[in-house]
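Understanding the architecture of this molecule
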Amino acid sequence: MVKKYRNFKEIGDAVVIYSDNYINDIEGEKLEDLCASYLDRGFTRIVIDFSETDLVNSIGVSILIGIIEKVRDSKGRISFSGLKRVNHDIFSIVGLTKHIQIFDTEEDAVNARARQGMVTT
Amino acid sequence: MLQTDLSLEKLLFNLNTLAELGEEITSPKDFTRVVKSALYMVMGSFSATKGVIFQFDSDRGVFAPIASKGLGDVGAAHVKLSKETASALTKHNKPIDLKKGEHPVETLGEAAGVLEKLEARMIACLVVKDELLGFIAINGKFSGEDFSVYDCQLLSVMAQHISFSLHSHMLLMRLMHKYNENKGLYENLRRIYYDTIHAFAASIDAKDSYTRGHSHRVSAYSAVLSREMGWSHEEVEGIRIAGLLHDIGKIAVDKTIINKASPLTSYECRELNSHPVVGYEILSKIKFPWKGIPMMTRNHHEKVDGSGYPDRLKKTDIPIGARIMALVDAFDAMTTDRPYRPRLSFREAMDEVKANFGKQFDPDVVQPFLTVIRKEVRREVDNPTIVPLLQEQLDSVSLNRMLEGFPVA
């Protein structure tokens, strides 16, 4: 069953969260709260789709790292999708691309089978 | 991505972060929020998962956490540094890689244990003018990479930015502390000032058993009337004080004259009537924060037709405050018992005011005085002042009847 809302879409045990156009402190915290609430509700797969995101600043990076840690602590899986070039570069600079699965589209992320190894596009 | 592209991107990302950090620390946001954002920026720049900013708490002599991330509750994680360690860190003033154990890590002592528990890898001191205000501690990079020389330089610049924010905040807090201290002292002085004036007023009234509370009533009536006339808060305070002190000259008048029930001799009359001038001479030597108190005291027995004393001034030559006090002083004298006669009823007092309207009393003062009484009787004011002090009940209907026939000013 698929439930689609403006900021997220629930597909079975997975949820796709659509991030805003600029991930700074306020938007980052909203994202953090949303992920935490899905983990609390038992969702084990979280996909953050960055298709609408033009820029992630250092605060956003810090919050995303916190989210990744939290999902991993909960034995869940997290992946990113729809990254624009600039954001991919930023994640690459801070080393995130080596530690998280990144997909071209949210469909790819949702349909991907669980992989142990970290793969980047 | 090519390595050269990545370096350029990294440089731009870090420059953008520094610009945002500069903007953040100069923003008018709440300090806690600023520090938190600053820590997030540092952590985001080095992909650290755990970080904390400590600030020196001079009251407790320890460095206490003021912002943290990824560490749960670190409220109790205080770091105590010896003077020597603080001095070594201040002198070093560069980010320190705790893993490498280079100088001045060996001076940390017990603090090293606390930092280890927090999984701190790098610390950057927050120093302004050779004063160690605090430090940032972050763990290793999420990517597992080592901290490069470039990273250390970036951390150092970020720490400098945060130091200035911390320093400004500390100066502001010190200033606030001083301000509150001075405010407290000022409040104490003000209380002493008022208490002294009240004590004076009580000592004036104590000379005459009949006039107990007279100065306080004249003070309260003058205040409420001047407020009705649109005076400012400061001006009202001034006349309130003048009301308390208006009879201070009676201190120099013999008690037997003040309390005499039979008519006064001309000498006694002169003695008693000297009190406004004596009061003026006493009060004119005091530098009051309010204007006109000595003159209000001197002229509170003047009459608008020029038949009063001591200066026989006519209406506009009499200070307005003195004209207000002339009315409320006479009104209180009429509505309280005196050695030479029992008190008049409110109606009788009003008849006297009416009879002397434009002669003894200024119509411009009488009209607002009547307005105050009307408002109080109709319960249009929250804290009535005059009516509760009268020794009789007044209602709206009888008041209207009593005030009939008052000439229009």
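None of these values were measured; they are calculated from a predicted model.

**Quick word on the domain arrangement of chain B**
According to the domain assignment, chain B contains domain 1 (3-177) and domain 2 (193-402). Computed from C-alpha atoms alone, the centre-to-centre distance between domain 1 of chain B and domain 2 of chain B is 68 Å.

**Thoughts on the interface of chain B and chain A**
Counting residues at the interface gives 24 residues for chain B and 26 residues for chain A. Of the roughly 2,100 Å² buried where chain B meets chain A, counting both sides, 58% is carbon and sulfur surface. Taken together, the connections running from chain B to chain A amount to six salt bridges. A:D25 serves as the salt-bridge partner of B:R33, at 3.5 Å between the closest nitrogen and oxygen. Joining chain B to chain A, the criterion identifies seven residue pairs in polar contact (both at pLDDT 80 or more). Elements that contribute at least two residues to the side of chain B that touches chain A include exactly α1 (3-25) and α2 (31-45) of chain B. The biggest single contributor to the side of chain B that touches chain A is α2(B), with eight residues. In terms of residue class, the side of chain B that touches chain A is built from eight nonpolar, seven polar and nine charged.

**Observations regarding the packing of helix α1 (residues 25-40) of chain A against helix α2 (residues 58-73) of chain A**
Residues and elements named next belong to chain A. At a minimum axis separation of 9 Å, α1 and α2 run at an interaxial angle of 10°. By the angle between their axes, α1 is roughly parallel relative to α2. Residues D25, G28, E29, L31, E32, C35 and L39 of α1 form the contact with α2, whose participating residues are I59, I63, L64, I67, K70 and V71. Class assignment for the residues of the contact of α1 with α2 results in eight nonpolar, one polar and four charged.

**Considerations on the pattern of salt bridges**
For the coordinates displayed, the defined rule picks out 33 salt bridges over all chains. For B:K36, the salt bridge is made with A:E29, and the minimal N-O distance between the two is 3.0 Å. A residue pair is termed interchain when its members come from two chains, as with B:K36 in helix α2 and A:E29 in helix α1. Sharing partners across several salt bridges, the network here consists of A:D25, A:E29, B:E24, B:K29, B:R33 and B:K36.

**Notes on the pairing of strand β1 (residues 51-57) of chain B**
Here is the key point about a regular strand: its side chains alternate between the two faces of the sheet. All names here are of chain B. Most of β1 is tucked away, with six of its seven residues classed as buried. Two elements, β1 and strand β2 (residues 62-69), share seven bridges in a ladder whose sense is antiparallel. Residue pairing for β2: D57 is matched across the bridge by V62.

**A short note on the side chain of A:N87**
Residues and elements named next belong to chain A. Mapping N87 onto the fold places it in helix α3 (residues 85-93). Engagement of the side chain of N87 in a polar contact is seen with the backbone oxygen of T53, the distance being 2.9 Å. Setting aside residues up to four positions removed in sequence, N87 forms contacts with T53, D54, L55 and V56.

**Notes on the packing of helix α5 (residues 149-206) of chain B against helix α7 (residues 233-245) of chain B**
Residue and element names in this part refer to chain B. It is the contact of α5 with α7, at a shortest axis distance of 8 Å, that shows an interaxial angle of 35°. Where α5 abuts α7, its residues R190, Y194, I197, H198, F200, A201 and I204 lie against E237, I241, L244 and L245. Grouping the constituent residues of the contact of α5 with α7 by class yields eight nonpolar, one polar and two charged.

**Focus: the environment of B:D362**
All names here are of chain B. By the element assignment, D362 lies in the loop between α13 (346-355) and α14 (363-377). Residue classification places D362 among the buried residues on the basis of a relative accessible area of 2%. Considering only alpha carbons, one finds D362 and P384, 22 residues apart in sequence, at a separation of 23 Å. Here D362 is in contact with V304, K315, I320 and R323, once residues within four sequence places are set aside.

**Re the packing of aromatic side chains**
Residue and element names in this part refer to chain B. Evaluation of the coordinates by the stated rule reveals 15 aromatic pairs over all chains. Each ring, one from F56 and one from F63, has its centre 5.0 Å from the other, and the planes form 50°; the classification is tilted. With relative accessibility at 31%, the residue F56 sits in the partly exposed group. Exposure remark for F63: the relative accessible area of 4% places this residue in the buried category. With a centroid separation of 5.9 Å and 50° between ring planes, the pair formed by Y193 and W290 is classed as tilted. Of the two residues, Y193 sits in helix α5 while W290 sits in the loop between α10 (275-283) and α11 (293-298), which places them 97 residues apart along the sequence. Across the ring face of Y280, the terminal group of R298 is positioned such that the distance to the ring centre comes to 5.0 Å.

Definitions and cut-offs
Residues numbered from 1 in each chain as written. Chains lettered and ligands numbered in written order. Predicted model: local features only at pLDDT ≥ 70, side-chain atom pairs only at ≥ 80, totals over all residues. Heavy atoms only, no water. Domains from an automatic or database assignment. Contact = heavy atoms within 4.5 Å. Buried area = accessible area lost by both parts, 1.4 Å probe. Salt bridge = Lys/Arg side-chain N within 4 Å of Asp/Glu carboxyl O. Polar contact = N/O pair within 3.5 Å; in protein donor to acceptor, adjacent residues only side chain to side chain. Helix = DSSP H or I, 4+ residues; strand = E, 2+ residues; numbered from the N terminus. Nonpolar A, V, L, I, M, F, W, Y, C, P; charged D, E, K, R; others polar. Axes fitted to C-alpha atoms, helices over the stretch in contact; angles between N-to-C directions. Parallel < 35°, antiparallel > 145°, perpendicular 65-115°, else oblique. Buried < 20%, exposed > 50% of the residue type's maximum accessible area, 1.4 Å probe, protein only. Pairing = 2+ DSSP bridges. Phe/Tyr/Trp six-rings, centres within 6.5 Å; stacked < 30°, edge-to-face > 60°. Lys NZ or Arg CZ within 6 Å of the ring centre and 35° of its normal.

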